[in-house]
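Take a look at the letters that make up each chain.
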Amino acid sequence: MLTNIELFNYSKANPEELLDPYYAKNKTVIPATKEQDNKLTANNKKLLNLITTFSVLDGKYHKDFMDDTIQNIINDIIVILDKTEYINYSAFVQFFMVHNFTYSIYQTLSYDDKKHLIYEMLKKYCSERHVLYSDHGYTNVILQVMCDNYSHKRNSKTGIEKVLSILNDAGRLSRLTNVNSMLEEDNYYFLPDKGDKNIFETFLKTLNLKMESRNIEHNKLPDIVFKTNGHYYICELKTMKEEGGGQDKQIVEVAYFIKFSEENQKVHYMTFLDCNYSNMIFHAKSPKIRVQREGIITALENNPGNYFLNTAGLIEFVKEVYAE
């Protein structure tokens, strides 16, 4: 089998594609034609009508928060916001962020607090956006545009699905459910950061593992653990597209993750660095990235059972593991 340095170099020689089909998220939330409606588009129209009514009552008739009709409008809007999936993609909810507020924070509020928030947001929205958007023409396209915009936030789950797909191309893995059989069973996986934390803690105790990187990363859980041919692989996934402060921090975490090893030679630490930033890590000549790359190579040299791979490297690794 290729050594970890050889697999690192194989990854380097086979960079990531700029457009990766694993990360295509062609999800639609609006109907195929404007003549059609679904729950989201129908409720978005109701929301806009309620906003228009509020605008008239507030601006022309000077109705305030205590007015019964205003109260009914606010209550109806809360029902729409609370009961409509993807309504956070609407122009009104996206406007929350203009005033340093978010839909996720809104969801944590009590009902009374929601009422006061919606009232204040309605006054600001009608003053700052509603006439502008009405003149330009409201359209449900914004719902789809925002869905597309938020697709990058689903990378974590998709990254796991990509790794599992590559693993399963060579041999079928099943998700571990019986922790008592983790030593006897083979060809399984579990997801510590996606519901399998207790399994992972049992795994560490059963194999008497130190996992020293957790002391640095504040007990951060790895993304995937899988076992095949009697060997255990603890995997960290990093899906990054470009440089930046947050990305640099993640690369430092990656270097620490593969810096450590266990006395049990059948336990391996693996980093799967995906997307375009991995090409920079392998090839860029800037001093900062060269230092990062050298740190990763040093970690691999000191821990021959650990791996740092991109997509091509992971595919080659899996082929060799299952060929043994």
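Reading the values: the criteria
Residues numbered from 1 in each chain as written. Predicted model: local features only at pLDDT ≥ 70, side-chain atom pairs only at ≥ 80, totals over all residues. Heavy atoms only, no water. Phe/Tyr/Trp six-rings, centres within 6.5 Å; stacked < 30°, edge-to-face > 60°. Helix = DSSP H or I, 4+ residues; strand = E, 2+ residues; numbered from the N terminus. Buried < 20%, exposed > 50% of the residue type's maximum accessible area, 1.4 Å probe, protein only. Expected span 1.5 Å × (residues − 1). Contact = heavy atoms within 4.5 Å. Polar contact = N/O pair within 3.5 Å; in protein donor to acceptor, adjacent residues only side chain to side chain. 1 Å grid on protein atoms, 1.4 Å probe; cavity = no way out; pocket = protein on both sides within 12 Å on 5 of 7 lines; lining within 4 Å. Points joined across faces, edges and corners; volume = space filled by probe spheres on them. Nonpolar A, V, L, I, M, F, W, Y, C, P; charged D, E, K, R; others polar.

A. Structural context of the packing of aromatic side chains. Taken as a whole and assessed by the stated rule, the structure comprises 22 aromatic pairs. Measuring from centroid to centroid gives 5.8 Å for Tyr103 and Tyr106, while their planes differ by 20°, and the two rings are stacked. On the criterion of helical spacing, the pair formed by Tyr103 and Tyr106 is a turn pair, its members being three residues apart in helix 5 (residues 103-106). Residue classification places Tyr103 among the buried residues on the basis of a relative accessible area of 15%. Given a relative accessible area of 0%, Tyr106 falls into the buried group.

B. Fine view of helix 3 (residues 68-83). Along its 16 residues, helix 3 runs 22 Å from first to last C-alpha, staying within 8% of the 22 Å computed at 1.5 Å per residue. Residues of helix 3 that are buried: Ile70, Gln71, Ile73, Ile74, Ile77, Ile78, Ile80 and Leu81. For helix 3, the secondary structure elements touched by its buried residues are helix 2 (39-59), helix 4 (91-94), helix 5 and helix 6 (111-136). In this structure Asp67 caps helix 3, since a side-chain oxygen of it lies 3.0 Å from the backbone nitrogen of Thr69.

C. Structural context of the layout of surface pockets. There is about 250 Å³ of room inside the largest pocket. If you go around the largest pocket, you meet 16 residues; those closest to its centre are Lys34, Lys45, Thr139, Asn140 and Val141. Elements with a minimum of two residues in the lining of the largest pocket: helix 2 and helix 7 (141-149). If you tally residues by element for the lining of the largest pocket, the top one is helix 2, at four residues. Taken together, the residues that form the lining of the largest pocket break down as eight nonpolar, six polar and two charged.

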